[in-house]
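For reference, the chains in residue letters:
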Amino acid sequence: MTSSLESARTAIRPFHRRSEPEVLAPLVVAAAVDGTARAEVVRTARTLLADLRQVQADGWVNQFLQEYRLGTEEGTALLSLAEAFLRVPDPQTADLLIADKLTEAEWGNHKGQSSSLLVNSATWGLVLGKAVLGDSTSTLKRLIAKAGEPFVRQAVGAAMRLMGQVFVMGRDIDEAIKRMESKDNRGFTASFDMLGEAARTKNDAERYFESYAAAIAAVGRNAARGHSVSVKLSALHPRYETAQSATCVPELADMITQLARSAASLGVQLTIDAEEAARLEMSLDIIERVARDRALRGWDGLGMAVQAYSKRARPVIAWANALGNDTSRIMQVRLVKGAYWDSEIKHAQERGLTDFPLFTRKPATDVSYLACAKDMFEAAKIRPAFATHNALTVATILQWAGNNRDFEFQRLHGMGEGLFERLVREEGYQCRTYAPVGGHRDLLAYLVRRLLENGANSSFVHQLADQSISEDELLADPVEKIMAVGGTGHPAIAAPADLFQPERTNSLGIDLDDAVILQETAADIARPVPLGNQTTASPEGAVTAALAAYPEWSNIPLDERADCLERLADLLETNRSRLMAVLVQEARKTIPDALSEVREAIDFCRYYAARARADLCAVELPGPTGERNVLRHEGRGVWVAIAPWNFPLAIFLGQVAAALVTGNTVVAKPAPQTPAIGQFAVALAHEAGVPEDVLQIVTGGGDVGAALTADVRISGVVFTGSVPTAKAIARNLLADDARPLVPLIAETGGLNAMIVDSTALSEQVVRDIIISGFQSAGQRCSALRLLLLQEDIAEHTLEMLRGAMDTLNVGDPADPSTDIGPVIDRDSYDKLMAYRAEVKDRIVHEIDVPAQGLFVPPTVIRLDNLDDLNREWFGPLVHVATWKAGELEATVARVNAKGFGLTMGLHSRIAGSSALVENLARVGNLYINRSMIGAVVGSQPFGGEGLSGTGPKAGGPHYLYRFCAERTTSVDTTSAGGNASLLSLEDDS
């Protein structure tokens, strides 16, 4: 018999990506407040608004944020400066950052505009800073020039620390507890959050665990005061991910159980914070394990946060109540709006998921919040906590609560002052302040995130500061707003499938963050795929057949050729699991890499079909009257497509699709390591309607490729692979003076560098190094080969990188928990291992790998100088060198001098540095503050220059033209009987 807890848990999953109208339909009923009750809610809300506005008028912080609102150039500059300044160790880069943020904004427009003297003084400081740092030759600048940049740097540093003090309760738990005793916090309790970004290393996790344990002990010394502690699970484990759930869930459950036992023994409440949607199911597993701990029986201090913007929020609350009932406890549940909205939207779009896990309209979240609040009041085993800064939400909760006081409000420290003071001090309600604790250097990024969360244009805090928004607009009923649009999503936010509309449909992804789907996918991939014994022609025979098929294929209407590509895309999607299985089994791809490759192949087919329809129609050109000029794009003949083993489906089909849709016939040669996936792709193309003679596959090694490119009957070659092979093909195409000149499209490798300055966020940098350098075992043309760290942050970054590398799993690519699989073949393995032996005294760090199999250890190799690396090593090897502050331009020039030009990365918070590198870098793809791999078809056209390729860029709007012959026809329309159109013109007069 299924228990009520099991039933409640089962009910959560179906809501994850359910359509917005379907989820909202019952919520609007639960959240509705009608008639007399609605009028009372609005009256209460107006009183709360008056309290809020009074504090906003009195408090300099509120006035400062009002003067420099988000969405303004000045507000963005301040937040950007706050996010990075305190972590910059060297004065030269700090000065660059200040100049970058202060000199572009128009601070003078804000002089004397605030009623706060402190805000106006701060504005004067910004004006003076711009004068010192800008290009002005004013008297003011000359007067203060002697103080110069050190003065400004010190002033900015003081201002940033002051901002930190406003939004951070204390630098350590003792300071935070002491501050809670100030008169400003009279009547309030706190939930202390020992602040930190997600752990990247085991050492990070251990440090955060100790800080949580110390916080519980400190709060427990005066438990009667009623303070609590909040815990972020991602801070306690560096691999808090679905694919690692078999290890991270029990380990986290053990850690939280230890903390909970300590908290229970001291009478301290412990709340587990909510994080990204992908982690919800794991967090519920952890919470249940802790709740079932026998040592915690009778303790009602275990809490959890629920995000109202989640479509699963309401069933999660039902589950929390069922858990309380099942474990005979009262669950402390904190209801929040949600803090990861923008990243969740982007995540779903990038991965082509079926829908979003959250609501896309702000009023929909408000409706969900109210519906959840009502459920919490009615739940017997939940003690509610309502975290909100919205006056209307607070007023509604007060209306529903009536005389009930067995709940609490919560607010973020530094925000919402004025909303709860009267309720707490005069009317007996309880309010807890969510209080970040930690060093200012480490938490300014957190501060910015919270400001963005609560200062976005749609948020109540921002709207309250906007004088153009009336009280009636602020207090408009969210239920009415949602009913007026039928619960539909925001029209400006494209559903994942519609991301590239009207041009094409986005490829459908798989939600590998869903544990059930991940295991089903792994089981599908483990099944061997029977491919049959497809025969391939000889090089000469294939070219002969393709040449004979060319006239008929080239005369097929372009629309019909594009239709074939779109049918092929649909077949690829239908056969996605089988294709992924071959990629894992033959190309040694991990499951996420295999999925990405199938999606890329689908996107290539749909994109080139769309571009062909848009770009390759006949074009009428201007000319004198009586003349007609038409430009046509037509096929050239037979193309040879030679694909690599590292992207044996996506690049293979991208080449083939482009050549076919432009009217050419194709002889395709997959890499000798991966013939099966090429044969599978060609079979699907034939099924999609491409005649067999039009697309043929020839398998084999370099001798087969040489025979194909030596055939004088071919009309073009498209190739992806090594520089030596590309040069050999080029020589082959020119060896016979009698043969026609034909195009060669070549995409080769690169010495791809990532440049990191001291303004970059180390956690983000390390994540992107891991992805760029080691994902796919480093076997990507775009992979990071040369890491260039500003010397001031080099050792700190490498220390974190070592720890992050130690958390990686190297092993069977079919295992969902594997991060890095083997290299492609014995030849690659032997070359890479021999090189590692040569430089073993320069190895900074390496990780253990299985003894059996072609596993090359992910390795970091230290160079004395960036000029020491002049060859691409195609594997999980990252070379690192340093550069001095002030030498960014020279560093880029030295990378350019190597002659490769495929990808480059830059991590910097200085916009001027980004512009400088963008102007100087001679690379096809520049990636700023992100990883260097994973170019998206149609969004990030891919291809290099110099030794890295000929162009044009694959997946871009100019790629198809290279496969075409351009032909112009000019007709003299007057040659038979004069220019009728000219002669028939009437006189306007």
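Just so we're clear, the structure is a prediction, and the values are computed from it rather than from any experiment.

## Considerations on helix 23 (residues 515-526)
The terminal C-alpha atoms of helix 23 lie 17 Å apart, and with 12 residues this matches the ideal 16 Å at 1.5 Å per residue to within 8%. Burial in helix 23 covers these residues: L518, T521, A522 and I525. Looking straight down helix 23, one finds its buried side chains confined to an arc of 100 degrees; they lie on one side. Buried residues in helix 23 make contact with helix 26 (576-587) and helix 27 (591-615).

## Points about the pattern of salt bridges
Where charged atoms from two side chains of opposite charge approach closely, those side chains can pair. Counted under the stated rule, the structure contains 60 salt bridges. Across the pair E22 and R18 runs a salt bridge, and its minimum N-O distance is 3.8 Å. A salt bridge links D524 to R527; its shortest N-O distance comes to 2.5 Å. Accessibility expressed as a relative area gives 30% for D524, which makes it partly exposed. Among the ionic contacts, a cluster of salt bridges with common partners joins E503, R504, D603, R611 and D615.

## Brief notes about the layout of surface pockets
Of the volumes computed, that of the second largest pocket is approximately 1,100 Å³. The set of elements that each furnish at least two residues to the lining of the second largest pocket consists of helix 30 (702-710), strand 14 (716-720), helix 31 (723-734) and helix 34 (826-838). In terms of residue count, the dominant contributor to the lining of the second largest pocket is helix 31 (6 residues).

## Observations regarding the sheet that holds strand 4 (residues 302-307)
Taken in spatial order, the 8 strands of this closed barrel run 1-2-3-4-5-6-7-8, and their pairing is parallel. Looking at each pair of strands side by side, their axes are set apart by 30 degrees on average, direction ignored. Taken strand by strand, helix 11 (residues 202-220) contacts strand 1 (189-194), strand 2 (228-231) and strand 3 (269-272), and its axis lies near 165 degrees from that of strand 2. Here helix 16 (residues 362-378) sits on the sheet and contacts strand 5 (331-336) and strand 6 (382-387); the angle it forms with strand 6, its principal contact strand, is near 150 degrees.

## Description of empty space enclosed by the protein
Evaluation of the coordinates by the stated rule reveals 7 cavities of 30 Å³ or more. The volume enclosed by the second largest cavity comes to roughly 230 Å³. Around the second largest cavity, the lining comprises 24 residues; the ones closest to its centre are A274, E275, L280, A305 and Q307. Elements represented by at least two residues in the lining of the second largest cavity include exactly helix 13 (280-291), strand 4 and helix 14 (313-326). When the residues that make up the lining of the second largest cavity are grouped by side-chain class, the tally is 15 nonpolar, 3 polar and 6 charged.

## Some remarks on the side chain of S758
The topology assignment puts S758 in the loop between strand 16 (753-756) and helix 32 (762-774). Note on S758: relative accessible area 2%, which makes it buried. Of note is the side chain of S758, whose polar atom sits 2.6 Å from the side chain of D90. One polar contact links S758 to T93, side chain to side chain, over a distance of 3.4 Å. Discounting chain neighbours no more than four positions away, the residues touching S758 are R87, V88, P89, D90, T93, Q790 and I793.

Rules used in this analysis
Residues numbered from 1 in each chain as written. Predicted model: local features only at pLDDT ≥ 70, side-chain atom pairs only at ≥ 80, totals over all residues. Heavy atoms only, no water. Helix = DSSP H or I, 4+ residues; strand = E, 2+ residues; numbered from the N terminus. Expected span 1.5 Å × (residues − 1). Buried < 20%, exposed > 50% of the residue type's maximum accessible area, 1.4 Å probe, protein only. Arc of directions from axis to C-beta. Contact = heavy atoms within 4.5 Å. Salt bridge = Lys/Arg side-chain N within 4 Å of Asp/Glu carboxyl O. 1 Å grid on protein atoms, 1.4 Å probe; cavity = no way out; pocket = protein on both sides within 12 Å on 5 of 7 lines; lining within 4 Å. Points joined across faces, edges and corners; volume = space filled by probe spheres on them. Pairing = 2+ DSSP bridges. Axes fitted to C-alpha atoms, helices over the stretch in contact; angles between N-to-C directions. Nonpolar A, V, L, I, M, F, W, Y, C, P; charged D, E, K, R; others polar. Polar contact = N/O pair within 3.5 Å; in protein donor to acceptor, adjacent residues only side chain to side chain.

All we've got here are geometric facts, nothing functional implied.
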